[in-house]
Amino acid sequence: MTLLEIFPSLRSAMTPRLDPAVWPDGTHVDDHGRITVAGVALADIADQYGTPSYVLDEMDLRGRCRTYREVFPEAEIAYAGKALLTRAVASWVTEEGLALDVCSAGELAIALSAGVDPRRIIMHGNAKTPAELAAARTAGVGRIVLDSVTEIALLASSLTRRQNVLIRVTPGIDAHTHPAVATGVTDQKFGFPLAHGQADDAVRRVLGQPRLNLVGLHCHLGSQITDAAHFATAVHLMVGQMAQIRLDHGLILTELDLGGGHGICYRPDDPQLDLSTLAGAIENALDEACARYRFPRPRITLEPGRAVAGRAGVTVYRVVSVKHITGGRTFVCVDGGMSDNPRVALYGARYSVALANRHSSAAPAVVTVAGRHCESGDELAVDVELPSDLHPGDVLAVPGTGAYHHSLASTYNAVGRPPIVAVRDGRSRELIRRETVEDLLRREASR
Ligand SMILES: Cc1ncc(COP(=O)(O)O)c(C=O)c1O
Ligand SMILES: N[C@@H](CCCC[NH3+])C(=O)O
């Protein structure tokens, strides 16, 4: 008889704390102390598909889509494919009633090949090439979001029929996110600033083009925003601008796209954006702004990416070595790193980590989980508590990696990108296979 069978209460003491705010909905710990997602042990995924692997809980992702539909019943929810886009993901989100936001010909092609209705696609990009605009036109996408004076002229001159368009406006809001993802402030590359009349000028130019059918305005304040008040401010400014357009041009725009950027937590104590609070803030702001300007309520579009896909993902790694630096830190080195998760190096992102393949009753130790790449900044989690008996071969799991991990991955050090393994109802299937060294070699021109 094992100690656990005699003292079952020991199990909870030894089980890693898997906070539901951070881990996918379908996460549990089985009788062997292994973390399972949707009924599949992460250790089995490590054995079957290798490590590192991105694991994606299909029902978690679908559940987030449903929550958006419930919390914002009147809004259009367009999933931002830049967070994570595969054919399966495109199908799941559209089956759940979401539209899709794409920002390149590649994302558009994935969406179309998944059978997404082009009329439900919104095309973004601050530097869409002529070929990308042609692809969007040919596909018949529902909305193209105009981002520069050059683009307005280019699209107008290449259209043979009317195209619905939005203008991306920069409202000048600092949503206090990392500078690399702050897009609502005036001095950055996206959109036309409200400041200095640049947005007014864009409107004039678009209205001067008979083939461009201006239906609304778009703004995106940045990413990982946790305070709903910024979206309320955006509603006030954007409705004000729509009222000004009515005054100047006699045109009533009917659509207001507030972009995405809804923050999630990566660690249990991180703040996150509460969707009901967001819905209330947007509603109130719309009521006030529409009353103030006597403007008819526009239809709202939201474009969440991270908040739909982020928590559905977990990355599994295998421990390769454990190194104690005398007078320094303990490094737990794993077989992935900044090539599958550049967010730590890019934004100083912080993650939770858990031992996934067994119980451990060892005392916790504060360690740094480091990657395998040739940079000392290649760290996945700094100062996290993990059992002190970790050893090579153990499997570690990092939650919150569904968004901007696969899509940001690189092949640094000629390390192929990990597979995406979807889990549902106790079964796993590969959505994207691992990139092999052969794949990398195949891309080279022959000598
Ligand atoms: C125009 C636009 N919409 C939506 C998103 C999605 O952002 P997030 O994944 O933070 O919701 C982005 C990325 O920041 C974006 O640039
Ligand atoms: N890549 C960023 C988000 C960028 C959002 C797209 N504009 C992140 O991982 O946080």
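All figures in this text were calculated on a predicted structure; none of them were measured in a lab.

Points about the pattern of salt bridges
Tallying each qualifying case throughout the model produces 26 salt bridges. Residue Asp-25 is joined to Arg-64 by a salt bridge in which the shortest nitrogen-to-oxygen separation is 3.9 Å. One end of the pair, Asp-25, is in the loop between helix H2 (9–14) and strand E1 (27–29); the other, Arg-64, is in helix H4 (residues 58–71), with 39 residues separating them in the sequence. Taking the relative accessible area as the measure of exposure, Asp-25 reaches 52% and is therefore exposed. Classification of Arg-64 as buried rests on a relative accessible area of 17%. Note that Arg-358 is salt-bridged to Asp-389, the shortest N-O span being 3.1 Å. Of this pair, Arg-358 sits in the loop between strand E16 (354–355) and strand E17 (364–370) while Asp-389 sits in the loop between strand E18 (379–387) and strand E19 (395–399); the two residues are 31 residues apart in sequence, bridging distant segments of the chain. Judged by relative accessible area, Arg-358 falls into the buried class, the value being 19%. Since its relative accessible area comes to 29%, Asp-389 is described here as partly exposed. Here the salt bridges do not stand alone but share partners, grouping Glu-58, Arg-62, Arg-66, Glu-95, Glu-96, Arg-424 and Asp-425 into one network.

A closer look at the packing of aromatic side chains
Working definition: an aromatic ring pair is given by the centre-to-centre distance plus the angle between the planes. Within the structure shown, the criterion is met by two aromatic pairs. Between Tyr-68 and Phe-72 the ring centres are 5.9 Å apart and the planes differ by 20°, which places this aromatic pair in the stacked class. A ring pair is formed by Tyr-266 and Tyr-351, whose centres lie 5.3 Å apart and whose planes are at 75°; its orientation type is edge-to-face. Remark: Tyr-351 occurs in the loop between helix H13 (343–347) and E16 and Tyr-266 occurs in the loop between strand E12 (255–257) and helix H11 (275–293); sequence separation between them is 85 residues.

So, the site of ligand 2
The local shell around ligand 2 consists of Lys-82, Val-181, Ser-223, Arg-306, Arg-343, Tyr-347, Tyr-404 and Leu-408. Within the contact set of ligand 2, an oxygen atom lies 2.8 Å away from a side-chain nitrogen or oxygen of Arg-306. For ligand 2, an oxygen atom lies 2.6 Å from a polar atom in the side chain of Arg-343. Grouping the amino acids of the shell around ligand 2 by side-chain chemistry returns four nonpolar, one polar and three charged.

A word on the site of ligand 1
As a structural note, the neighbourhood of ligand 1 is formed by 16 residues, with His-220, Ser-223, Gly-261, Glu-303 and Tyr-404 the closest of them. Taking Lys-82, its side chain carries an N or O atom lying 3.3 Å from an oxygen atom of ligand 1. Surface burial for ligand 1 is 92%, taken as the share of its 390 Å² of free accessible area covered by protein chains. A per-class count over the shell around ligand 1 returns three nonpolar, eight polar and five charged.

Focus: the sheet that holds strand E3 (residues 40–41)
By way of backbone hydrogen bonds, the strands of a sheet pair with one another, either parallel or antiparallel. In spatial order, the strands read E1-E2-E3; together these three strands make up an open sheet with antiparallel pairing. Only two strands of the sheet have a single partner each, and these edge strands are E1 and E3. Judged from the three bridges that link them, E1 and strand E2 (residues 35–37) form a sheet pairing that is antiparallel. In the strand pairing of E2, Val-29 is matched with Ile-35.

Digging into the side chain of Asp-60
Tracing the backbone through its elements, the reader meets Asp-60 in helix H4. One polar contact links the side chain of Asp-60 to the main-chain amide nitrogen of Ala-312, over a distance of 3.5 Å. In contact with Asp-60, other than residues within four places in its own chain, are Pro-24, Asp-25, Arg-311 and Ala-312.

What about the UniProt feature "active site" (unreviewed entry) in the protein?
UniProt's feature table lists "active site" (unreviewed entry) at Cys-374, given in the numbering used throughout. Position of Cys-374 relative to the elements: it lies in the loop between E17 and E18. Setting aside chain neighbours within four positions, we find Cys-374 in contact with Tyr-412 and Asn-413.

Some details on the confidence of the model for the protein
On average, the protein scores 94 in pLDDT, and the residues at 70 or more come to 96%. In the predicted structure, residues 9–14 sits below a pLDDT of 50 and forms nine contacts with residues beyond four places in sequence or in another chain.

Procedures and definitions
- Residues numbered from 1 in each chain as written.
- Chains lettered and ligands numbered in written order.
- Predicted model: local features only at pLDDT ≥ 70, side-chain atom pairs only at ≥ 80, totals over all residues.
- Heavy atoms only, no water.
- Salt bridge = Lys/Arg side-chain N within 4 Å of Asp/Glu carboxyl O.
- Helix = DSSP H or I, 4+ residues; strand = E, 2+ residues; numbered from the N terminus.
- Buried < 20%, exposed > 50% of the residue type's maximum accessible area, 1.4 Å probe, protein only.
- Phe/Tyr/Trp six-rings, centres within 6.5 Å; stacked < 30°, edge-to-face > 60°.
- Near = heavy atom within 4 Å.
- Polar contact = N/O pair within 3.5 Å; in protein donor to acceptor, adjacent residues only side chain to side chain.
- Nonpolar A, V, L, I, M, F, W, Y, C, P; charged D, E, K, R; others polar.
- Areas by Shrake-Rupley, 256 points an atom, 1.4 Å probe, with all protein chains shown as cover.
- Pairing = 2+ DSSP bridges.
- Contact = heavy atoms within 4.5 Å.
- UniProt positions renumbered as here; feature names shortened; annotations may be inferred.
- pLDDT = per-residue confidence, 0-100.

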